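# Architecture and fold: a report
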Amino acid sequence: MHESVSRLLDYARRKTKGAPVVIADFQALQVVLDASSAKMTNWKSRGISKEGAIKAERELGVSANWLLTGEGDEDATAASRQRALTGRAEAVTEELPFLPGFKALSIPVMAQAGSMGHGAEQLPDDVVVGRLTVSPQWVARTLKPLSDIKNLRFIHGYGDSMEGTFSDGDILLVDSGVVDPDIDGVYVLEANDRLYIKRVRQRMDGKYEISSDNPNVRTVDVLDGSQQVNVRGRVIWAWNGKKL
């Protein structure tokens, strides 16, 4: 393996250790960089390209110059790294080949996770750990209603309280532009500095009811205004092929 690629893989392993999405091998790195198998094979033998190094800096915060030369600080500059981690936390339509006649929509995968149980601790910043590419035509056709295509985010859901709708570890597509539960559905909720994934519906009396889908652990809470609960987005697709 070329030394530049070895540097990148070692960096990614160290920086994502303990995160919900861990880059532990070459295949995971390929997903994060959204690179073809042919391109990755070429990098392994000849070294990462300048374009690939810049993309790695953008996605992982690693210095492109350090990757290419082995010189200097392994981390990008503070300003550059901050832009790489938080500044591009939005879905981007790219002018890249995807399918004949289609563009590619690159949606960020966030380090933040939601719990389908007792709640997951909220990270202080929105950190992008990778991207998944879909067709914007598929989004427009399938994901309705949607606040804005740029508000799409992927997160991981952990726990079993929503079993039957989606499972522990599923990747969930979230419309982060939704801040009010106007539609009965599944939402990412913030309460007590923790994130929860729960079903929300409005009752006839106007109060909101929060519940789990798993009948074995079913819990129901009613919001009466005494709790501070914020909506961080609506879950609109589980990456197991179930539209929500």
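Now for a quick tour of the structure.

About the cut-offs
Residues numbered from 1 in each chain as written. Predicted model: local features only at pLDDT ≥ 70, side-chain atom pairs only at ≥ 80, totals over all residues. Heavy atoms only, no water. Helix = DSSP H or I, 4+ residues; strand = E, 2+ residues; numbered from the N terminus. Buried < 20%, exposed > 50% of the residue type's maximum accessible area, 1.4 Å probe, protein only. Contact = heavy atoms within 4.5 Å. Areas by Shrake-Rupley, 256 points an atom, 1.4 Å probe, with all protein chains shown as cover. Core = buried A, V, L, I, M, F, W, Y, C linked by side-chain atoms within 4.5 Å. Arc of directions from axis to C-beta. Polar contact = N/O pair within 3.5 Å; in protein donor to acceptor, adjacent residues only side chain to side chain. Pairing = 2+ DSSP bridges. Salt bridge = Lys/Arg side-chain N within 4 Å of Asp/Glu carboxyl O.

Let us now look at the overall build of the protein chain. Helices and strands together make up the secondary structure of the protein chain, namely 7 helices and 12 strands. In the protein chain, which comprises 244 residues, the share counted as buried stands at 45%. Contacts in the protein chain between residues far apart in sequence, at least 24 positions, make up 57% of those at least 6 positions apart. By element, 50% of the accessible surface of the protein chain is carried by carbon and sulfur atoms, the whole surface being about 12500 Å².

So, about the nonpolar core. Formed by 21 residues in total, the largest nonpolar core has its most connected members in Leu 8, Leu 29, Leu 33, Trp 43, Leu 60, Val 62 and Leu 67. The element that contributes the greatest number of residues to this core is helix H1 (residues 3-16), accounting for 5 residues. The residues touching Leu 33, leaving out its near neighbours within four places in the chain, are Leu 8, Trp 43, Lys 55 and Ala 56. In terms of nonpolar packing, the next biggest core, distinct from the first, is built from 13 residues, Leu 132, Trp 138, Phe 154 and Trp 237 among them.

This paragraph deals with helix H2 (residues 26-33). Within the span of H2, buried status applies to Phe 26, Leu 29, Gln 30, Val 32 and Leu 33. Within H2, the buried residues cover an arc of 165° as seen down the axis, which keeps them to one side. The backbone nitrogen of Gln 27 has a side-chain oxygen 3.3 Å away, supplied by the residue at the start of H2, namely Asp 25. Where H2 terminates, the next one or two residues include Asp 34, which has phi positive at roughly 50°.

What follows concerns unusual backbone geometry. With an omega of -5°, the peptide bond running from Lys 144 to Pro 145 counts as cis. Relative to the helices and strands, Pro 145 is located in the loop between helix H7 (136-142) and strand S5 (152-158).

Turning next to the pairing of strand S6 (residues 171-175). Within a regular strand, the side chains alternate between the two sheet faces. Where burial is concerned, most of S6 is hidden: 4 out of the 5 residues are buried. Direction of pairing for S5 relative to S6: antiparallel, over a ladder of 5 bridges. Looking at S6, one finds that Phe 154 is bridged to Leu 173. Taken together, the 4 bridges between S6 and strand S11 (residues 230-238) define a ladder with antiparallel strand orientation. Paired with Leu 172 across the bridge in S11 is Ala 238.

Quick look at the pattern of salt bridges now. Throughout the structure, instances matching the rule amount to 7 salt bridges. Here Glu 74 makes a salt bridge to Arg 14, at a shortest N to O gap of 2.9 Å. On the criterion of sequence distance, the pair formed by Glu 74 in the loop between helix H5 (64-69) and helix H6 (78-87) and Arg 14 in helix H1 is long-range, its members being 60 residues apart. Using a relative accessible area of 39% as the deciding quantity, one classes Arg 14 as partly exposed. Between Arg 203 and Asp 205 there is a salt bridge; the shortest N-O distance is 2.6 Å. Overall, the relative accessible area of 27% leaves Arg 203 in the partly exposed class.

Mapped onto the secondary structure, Ala 12 falls in helix H1. In the structure, Ala 12 is positioned 50 residues away from Val 62 in sequence and 8.5 Å away in space, judged by C-alpha atoms. Each residue touching Ala 12, except ones within four places of it in the same chain, is listed here: Ile 23, Leu 29 and Leu 60.

Once that is clear, we can look at the environment of Ile 236. Tracing the backbone shows Ile 236 in strand S11. Along the chain, Ile 236 and Tyr 187 lie 49 residues apart, while their C-alpha atoms are 8.7 Å from each other.

Moving on: the pairing of strand S8 (residues 194-202). Taken together, the 7 bridges between strand S7 (residues 185-191) and S8 define a ladder with antiparallel strand orientation. Along S8, the bridge assignment pairs Tyr 187 with Lys 198. Between S7 and S8, which pair antiparallel one after the other, the connecting turn spans 2 residues, and Asn 192 there sits at a positive phi close to 55°. In the sheet, S8 pairs with strand S9 (residues 208-211) via 4 bridges, with the strands oriented antiparallel. Bridge pairing in S9 places Arg 201 opposite Glu 209. Adjacent in sequence and paired antiparallel, S8 and S9 are bridged by 5 residues, among which Gly 206 carries a positive phi angle near 95°.

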